[in-house]
Amino acid sequence: MHQFIAGQRRPPASGDDGSERFDVVDPATGQTVETVSLAGPADVAAAVAAARHAFPEWSRAAPVERAAVLTRLAALLEERADDIACVESRQTGKPIRLSTGFDVPGTIDNVAFFAGAARNLDGKAAGEYSGDHTSLIRREAIGVVGSVAPWNYPLQMAAWKVLPAIAAGNTIVLKPAELTPLTALLFAEAAAEAGLPAGVFNVITGNGPVAGEALVSHPDVDMVSFTGSSAVGRRVMALAAATAKRVHLELGGKAPFVVFDDADLEAAVHGAVAASLINTGQDCTAATRAYVQRPLYDAFVAGVADLMGTVRLGDPFDVRTDQGPLISRQQQQRVAGFVERARDAGAKVVRGGAVPDGELSRGAYYEPTLVIDAHQRSEIVQDEVFGPVLAVLPFDSDDQGIELANDSPYGLAASAWTRDVFRSLRATREISAGCVWVNDHIPIISEMPHGGYKSSGFGKDMSAYSFEEYTNVKHVMYDATAVARKTWHRTIFHDGPDLSEPRDREPSPSNATAPGDTGR
Ligand code: NAD
C-alpha cells in the first residue's frame, strides 16, 4: 500500500523494489496486516509541492465550499464506519467496541463540527478604534501545514490535525505513525471522493527520523503541527526553529485523578478503572496517578483492585473484550519494565503486573495493573508509562492533594472527585492542566478544546480555538480622515502642531486636520 499524494496513491520516488517497505502488524496476533511503502525525502518533497500547488485555490474557496466538502465527507465516513472501525482495530489492537463507539463516531462528529466551523471564523468587530481609522480583522490561512501524528488513536489524531487546517483554507501533508498508517489513508481517500481538490490533503507513510524530519524541516512547509511524545516534540520544535515555522505541539500526559474524602466512592472507583485502562492505557489523558484522601484510600484501592480483576482481555474483534493488546511487543516490554523497576524500588503491585500467558501470549498483552506504595518522585509516578497501569497514593489535606497533582512536568488533563462545590472550584482553578474534569475523566467533545500546559505542549485541537493555531490574524487599517497630513505626523515633522499643547486642545476626529492640511 502506498502513500497518498495529489489525490492518488503513489509508489515511493525511490522505486518500489521492496527495500523501503514496512509491515503493519496486528498486535493481537503478530500477523502482518498490510505492507506499506516508506516515504523518503523525495516523497516528502513531492507531497509538499502538491500541497503548495493546491494552496492558492483552496485558500480562496468560499467557506461554504469548504463546508460542503466536509459535509459530504462526514456522510461518506458514516457509510463506511464499520469498515474503518475494523481497520482501526486491526492495526492498533483496540477493542472493536472502542473503535465503533468512540474513534470512528468521534471522528465523524469532528468532521461535521468543522464543516460548520469553517463558516464561522471570528475576530473583533470592524470599527473606528483610533477615531481616525477603520480597523478590521482578516483571518487567513497560513499555507502548507506539515503534520505528524501518533499511533494510539490513528484516525482521530489525523482528524484533529487535518480538519481545522483544511477548514481554515490551509493544505496539509500528514505523516501518520509508521505503525498505524492505514486509517489515515482511508480518511484521505474519502476526503478526495467527497470533492476535496487534489493536493489539499496528502499522506506520506514513513518513519519519524526520515520522513518526519524531512517534513518538519522542509522550507516550503509554513507550519508544523505535531502530536506525540514530549521528547520527539522538543526535537520537532528545534527542527522547525531553523526556518521559524509556527509550531503546534500536543505532547505527553500523566493525568492526576484526585479523590477527596467526600467523593462518591463507587463513581471514583469505576472512573479510575475505565480512565486508566481505556485504549489499554495508551491515551495521553488516561488517569495514571490517583491521589486519594486518607479516609477513602483503603476502600478505593480495594475497589479498583476488584474491578480491574473483572476486565476481560481478549480478541479485539470479540465484542465482549474490554482490553486489547498494547500497540507492539516493544511497548509491552516498556510497560513491563516500568512495573518491574517500581517493584524493585519498593512499590507493591496489588493487581496485574504481568504479561498474560496462554492464548494471549500471541499478542502484546499486558494485565491491568494497580501499583501502590510508590514514591511520588519515582518514575512510575512521574513518567509516562502509556500502558494499563494505575499508581495510587494517599494524601491528607486538600492543599497536599492539589500540590501532588501539580507535581509533574506534564499538564494535559486531570480530574477532581468531590461533591463539594468549593473544593471542585478550587481544584479546577489550581490544577495546571489543559482540561480538568469534575467527577468524570476522559470525555471529549468537538466543541471544546483539547491541549496541554507545561511539557504537554501548547496549542489546541478541536473546537473553534483550533482556528487560532491554523490561521494568521491580519489587522487591516483604513485611514478614515481623507487628509494628507495626519495629526500623528507631528512626531516626525517639526512644523506640525506643538506637542507641548495640552491634550484637551487636540483636534477631534471630525476636524483632525493639522494647520496646513489641505484635505481632499
Ligand atoms: P512518538 O513521539 O514516538 O511519535 C509520534 C510521531 O512522531 C510518529 O508519527 C513518529 O513517526 C514521529 N516521529 C518520531 N521521531 C520523529 C522525528 N525525529 N521527527 C519527526 N517525527 C518523528 O509518539 P508515539 O509513541 O507515536 O505516541 C505516543 C505519544 O503521543 C505519547 O507520549 C502520548 O501522550 C502522545 N499523545 C499526545 C496526545 C495529545 O493530544 N497531547 C494525543 C495522543 C498521543
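The residue count restarts for each chain, going from 1 along the sequence in the order it is written. Per-residue local features are limited, in this predicted model, to residues with pLDDT of at least 70; the limit for side-chain atom pairs, both in listing and counting, is 80 or more; totals at the level of whole chains, interfaces and linings are taken over all residues. The side-chain numbers reported here are obtained from all heavy atoms of the structure, hydrogens and water having been left aside.

Draft legend 1. The arrangement of the overall build of the protein in detail. A tally of regular secondary structure across the protein gives 15 helices and 21 strands. C-alpha extents for the protein along the principal axes are approximately 95 × 65 × 40 Å. The buried share among the 520 residues of the protein stands at 53%. Areas reported as accessible are Shrake-Rupley estimates using a 1.4 Å probe. Residue values count occlusion only from the protein chains shown. Total accessible area on the protein stands at roughly 21800 Å², and carbon and sulfur atoms take up 53% of it. Neither His nor the chain ends is counted toward charge; the positive residues are Lys and Arg and the negative residues Asp and Glu. Charged groups are reduced to one reference atom each: NZ for lysine, CZ for arginine, CG for aspartic acid, CD for glutamic acid. Of note, the protein has its 47 positive side-chain charges centred 4 Å away from the centre of its 65 negative side-chain charges. Helix and strand definitions here come from DSSP, where helices need a minimum of 4 consecutive H or I residues and strands a minimum of 2 consecutive E residues; each element is numbered from the N-terminal end. Accessible area is worked out with a 1.4 Å probe on protein chains only. A residue is then buried under 20% of its type maximum, exposed over 50%, and partly exposed in between.

Draft legend 2. A look at the confidence of the model for the protein. Predictor confidence is given residue by residue as pLDDT, running from a minimum of 0 to a maximum of 100. Mean pLDDT for the protein: 94, with 94% of residues reaching 70 or above. Residue range residues 502–520 is modelled with pLDDT below 50. Its contacts to residues more than four positions away, or to other chains, number 21 contacts. Residue contacts follow a heavy-atom distance rule, with two residues in contact if any of their heavy atoms lie within 4.5 Å.

Draft legend 3. Region of the structure containing the environment of His270. Structurally, His270 can be placed in helix α9 (residues 265–277). Looking at His270, the relative accessible area reads 41%, which means it is partly exposed. Through-space distance from the C-alpha of His270 to that of Arg52 is 49 Å; in sequence the pair is 218 residues apart.

Draft legend 4. Region of the structure containing the packing of aromatic side chains. Between rings of Phe, Tyr and Trp, where Trp is taken as its six-membered ring, a pair exists when centres lie within 6.5 Å; planes separated by under 30 degrees are stacked, by over 60 edge-to-face, and by other angles tilted. According to the stated counting rule, one finds 8 aromatic pairs in the structure shown. Each ring, one from Phe102 and one from Tyr153, has its centre 5.9 Å from the other, and the planes form 70 degrees; the classification is edge-to-face. Taken as a pair, Phe102 in helix α4 (residues 96–117) and Tyr153 in the loop between β6 (144–148) and α5 (154–167) lie far apart in primary sequence, 51 residues in all. Both rings, one in Phe257 and one in Phe300, keep their centres 6.3 Å apart while their planes meet at 45 degrees; by these two values the pair is tilted. Residue Phe257 is found in strand β11 (residues 255–259), and its partner Phe300 is found in helix α10 (residues 294–308); the two are separated by 43 residues along the sequence. Under the relative-accessibility criterion, Phe257 is labelled buried at 0%. By relative accessible area, Phe300 is classed as buried at 0%. Clustering of aromatic rings is evident, with ring pairs tying together Phe113, Phe114 and Phe467.

Draft legend 5. Quick peek at a nonpolar patch on the surface. A surface patch of nonpolar side chains, about 330 Å² in accessible area, is lined by Val421, Phe422 and Leu425. Looking at the element boundaries, Leu425 is found in helix α14 (residues 421–430). For patch building, the residue pool is restricted to those with more than 30% relative accessible area and no salt bridge; the joining distance is 9 Å between like charges and 5 Å between nonpolar side chains (Val, Leu, Ile, Met, Phe, Trp, Tyr). Take a side-chain nitrogen of Lys or Arg and a carboxyl oxygen of Asp or Glu: if they are within 4 Å of each other, that pair is a salt bridge.

Draft legend 6. Layout of the site of the ligand. Lining the immediate environment of the ligand, one finds 29 residues, of which Ala149, Glu178, Glu213, Ser229 and Glu384 sit closest. Contact with the protein chains removes 90% of the 850 Å² of surface that the ligand exposes when unbound. Those elements giving two or more residues to the shell around the ligand turn out to be α7 (208–217), β9 (223–227) and α8 (230–241). Across the shell around the ligand, the residue classes tally to 14 nonpolar, 9 polar and 6 charged. By convention in this text, a residue qualifies as near a molecule or strand provided that one of its non-hydrogen atoms is within 4 Å of it. Under the grouping applied here, Gly and all other residues not named as nonpolar or charged are polar, the nonpolar ones being Ala, Val, Leu, Ile, Met, Phe, Trp, Tyr, Cys and Pro and the charged ones Asp, Glu, Lys and Arg.

Draft legend 7. Inspection of α9 at higher detail. In this scheme, a helix's expected span is set at 1.5 Å multiplied by one less than its residue total. Between its first and last C-alpha atoms α9 spans 18 Å; for 13 residues at 1.5 Å apiece the expected length is 18 Å, and the two agree. If you check which residues of α9 are buried, you get Ala268, Val269, Gly271, Ala272, Val273, Ala275, Ser276 and Leu277. On its buried face, α9 sits against β11, β12 (287–293), α10, β15 (389–395) and β17 (413–417). Just beyond α9, the residue with positive phi is Asn279, at close to 55 degrees.

Draft legend 8. The sheet that holds strand β18 (residues 435–438), seen in detail. Being paired, for any two strands, means DSSP has found at least two bridges between them. Ordered by their spatial adjacency, 7 strands build an open sheet running β13-β14-β15-β12-β11-β17-β18, and the pairing between neighbours is mixed. Only two strands of the sheet have a single neighbouring strand rather than two, namely β13 (348–351) and β18. Within this sheet the neighbouring strands show an average axis-to-axis angle of 25 degrees, counted without direction. Those strands touched by α9 are β11, β12, β15 and β17, and its axis lies near 170 degrees from that of β11. Across the face of the sheet, α14 comes into contact with β12, β17 and β18 while running at roughly 165 degrees to β18. Interaxial angle, 0 to 180 degrees, is taken between N-to-C directions of lines fitted to C-alpha atoms, where a helix line uses only the stretch in contact.

Draft legend 9. Looking closely at the pairing of strand β10 (residues 246–250). The buried fraction of β10 amounts to 4 of the 5 residues, a majority that puts the element mostly inside the structure. Looking down the strands as they point away from the viewer, one classifies a crossover as right-handed if the path from the first strand across the helix to the second runs clockwise. Note on the crossover from β9 through α8 to β10: the handedness is right-handed. Of the strand pairs in this sheet, β10 and strand β20 (residues 457–458) are connected by 2 bridges, and their pairing is antiparallel. Paired with Glu250 across the strands is Gly457, a residue of β20.

Draft legend 10. Up close: the pattern of salt bridges. Counted according to the given criterion, the structure contains 26 salt bridges. Across the pair Arg423 and Asp261 runs a salt bridge whose closest N-O atoms are separated by 3.0 Å. One end of the pair, Arg423, is in helix α14; the other, Asp261, is in the loop between β11 and α9, with 162 residues separating them in the sequence. The buried category is assigned to Arg423, whose relative accessible area is 15%. It is possible to trace a salt-bridge network through shared partners that takes in Asp261, Asp262, Asp398 and Arg423.

Draft legend 11. Molecular detail of helix α3 (residues 81–92). The terminal C-alpha atoms of α3 lie 16 Å apart, and with 12 residues this matches the ideal 16 Å at 1.5 Å per residue to within 8%. Ala81, Ile84, Ala85, Glu88, Ser89, Gln91 and Thr92 are the residues of α3 that are buried. Lining the buried residues of α3 we find β3 (21–25), α2 (63–79), α4, α5 and α6 (182–193).

Draft legend 12. Representation of the packing of α3 against α6 within the structure. Between α3 and α6, the least distance of the axes is 9 Å, while the angle of their chain directions is 155 degrees. The angle between the axes of α3 and α6 places the two elements in the roughly antiparallel class. The segment α3 lies against α6, with Ile84, Val87, Glu88 and Gln91 engaging Leu182, Thr183 and Leu186. When grouped by side-chain class, the residues that make up the contact of α3 with α6 number 4 nonpolar, 2 polar and 1 charged. When an angle is under 35 degrees it counts as roughly parallel; over 145 it counts as roughly antiparallel; between 65 and 115 it counts as roughly perpendicular; any other value is oblique.

Draft legend 13. The nonpolar core, seen in detail. Nine residue types can take part in a nonpolar core, namely buried Ala, Val, Leu, Ile, Met, Phe, Trp, Tyr and Cys, and a core is a set of them joined through side-chain atoms within 4.5 Å. With 82 residues, the main nonpolar core has Phe187, Phe201, Phe300 and Val392 as its most contacted residues. Per element, the largest residue contribution to this core is 10 residues, and it comes from α5. Counting contributing residues, this core receives three or more from each of domain 1 (59–251 + 462–473) and domain 2 (255–445). If we ignore the near neighbours within four places in the chain, the residues touching Phe300 are Phe257, Val259, Leu265, Ala268, Val269, Ala272, Ala290, Val292 and Val392. In this document the domain limits rely on a domain assignment from an automatic tool or a database.

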